[in-house]
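Each chain, letter by letter, is given below.
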Amino acid sequence: MPEKPATFRDHALTPQTAERFILDNTAPGAPPHVPEISLRLADEAHELWQRTEEELAEIGLPPPFWAFAWAGGQGLARYVLDHTEIVRGRRVLDFAAGSGLVAIAAAKAGAAEVIAADIDPFCETAIRLNAAANGVAVKFHGADSIGTDDGWDVVLAGDVFYDRPFAERLVPWFAKLKTRGAEILVGDPGRAYLPKAGLTRLAVYEVPVTRALEDSEVKRTTVWRFG
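The shown structure was predicted, so the numbers you read here are calculated from the model rather than taken from an experiment.

## A word on the sheet that holds strand S9 (residues 218-226)
With mixed pairing, the seven strands of this open sheet are ordered in space as S5-S4-S3-S6-S7-S9-S8. The sheet is open, and its two edges are formed by strand S5 (139-141) and strand S8 (199-208), each paired on a single side. Adjacent strand axes in the sheet meet at a mean angle of 20° when their direction is disregarded. Where S8 lies against S9, nine bridges are found, and the strand directions are antiparallel. Residue Val-207 lies in a different strand from S9, and its bridge partner there is Lys-219. Helix H4 (residues 101-108) rests against strand S3 (91-95), strand S4 (113-117) and strand S6 (154-158) of the sheet, and its axis sits at about 180° to S4.

So, in structure tokens, the structure goes:
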């Protein structure tokens with residue numbers, strides 16, 4: 001009889017249980033807009049989303065953003081891979097990293113150091129697995145990065161303007177980093193709370209996405225320079 005997939009109703013979250021859950025519920029795949037990168041992705045997106053959201057809510061953990069290649073991240077990763085001079089030889093923060101797609105793109109593009117930051121405890125394991133699959137080194141930071149400054153040269157943020165309170169925290173932080181001299185790039189597929197001013201358009205992509213999670217099969221995604 002097949003072994004039952006791991007859940008967290010009866011087990012505490014540890015690196016081992018997180019890895020088991022990720023391996024049970026995802027398979028290696030390539031985001032359609034960044035086919036040169038391999039990620040652990042959900043096979044049946046809507047089913048995984050609903051099941052894990054209910055299970056993880058019982059112990060206060062967030063939905064599995066790490067299991068999907070979101071449009072903003074795909075567009076930003078594509079831009080970084082096609083314009084390696086943005087990150088080459090520089091210290092890079094991938095903020096709200098999720099699967100680590102953008103961090104992996106930065107590492108493949110020649111960044112001197114890449115830090116993937118996300119407060120979801122699953123992301124540390126997902127990013128470790130994904131970075132290893134792509135043969136790159138990515139460090140992980142699990143605390144809230146907003147308001148901090150570790151001297152990064154470049155800050156990359158894919159699909160982060162989906163929530164008003166979150167956006168209201170991000171904008172002044174990004175502005176402070178920009179004033180200090182950091183370069184900040186944002187990948188956004190038209191989320192509601194993207195700032196209306198202070199952005200420079202760098203590229204526009206038509207990014208294939210999962211209809212179960214989005215309102216269409218393709219999202220027009222723009223890469224912006226903040227400030």
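## A look at the pattern of salt bridges
Tallied over the entire structure, the rule returns 13 salt bridges. Residue Glu-36 is joined to Arg-78 by a salt bridge in which the shortest nitrogen-to-oxygen separation is 2.8 Å. Separated by 42 residues along the polypeptide, Glu-36 in the loop between strand S1 (26-29) and strand S2 (39-42) and Arg-78 in helix H3 (residues 71-82) bring together distant segments of the chain. Note on Arg-78: relative accessible area 13%, which makes it buried. Between Asp-159 and Arg-191 there is a salt bridge, with its nearest N and O atoms 2.6 Å apart. Here Asp-159 is found in the loop between S6 and helix H6 (164-180), whereas its partner Arg-191 is found in the loop between strand S7 (183-188) and S8, with 32 residues between them in sequence. Neither residue differs from the other here; Asp-159 and Arg-191 are each classed as buried. Residues participating in the shared-partner salt-bridge network are Arg-91, Glu-113, Lys-139 and Asp-150.

## Quick look at H3
With twelve residues, H3 should reach 16 Å at 1.5 Å per residue; the first-to-last C-alpha distance of 17 Å fits that figure. With eleven of twelve residues buried, H3 is to be regarded as a mostly interior element. By the burial criterion, the buried members of H3 are Ala-71, Gly-72, Gly-73, Gln-74, Gly-75, Leu-76, Ala-77, Arg-78, Tyr-79, Val-80 and Leu-81. Against H4, S6, S7, S8 and S9 lie the buried residues of H3.

## Looking at the packing of helix H1 (residues 15-25) against helix H5 (residues 121-133)
The contact between H1 and H5 brings their axes to 9 Å, and the two run at 65°. The hand of the H1/H5 crossing is right-handed. On H5, the residues touching Pro-15, Ala-18, Glu-19, Phe-21, Ile-22 and Leu-23 of H1 are Phe-122, Thr-125, Ala-126, Arg-128 and Leu-129.

What counts as what
- Residues numbered from 1 in each chain as written.
- Predicted model: local features only at pLDDT ≥ 70, side-chain atom pairs only at ≥ 80, totals over all residues.
- Heavy atoms only, no water.
- Pairing = 2+ DSSP bridges.
- Helix = DSSP H or I, 4+ residues; strand = E, 2+ residues; numbered from the N terminus.
- Axes fitted to C-alpha atoms, helices over the stretch in contact; angles between N-to-C directions.
- Contact = heavy atoms within 4.5 Å.
- Salt bridge = Lys/Arg side-chain N within 4 Å of Asp/Glu carboxyl O.
- Buried < 20%, exposed > 50% of the residue type's maximum accessible area, 1.4 Å probe, protein only.
- Expected span 1.5 Å × (residues − 1).
- Left-handed = near helix turned anticlockwise from the far one by under 90°.

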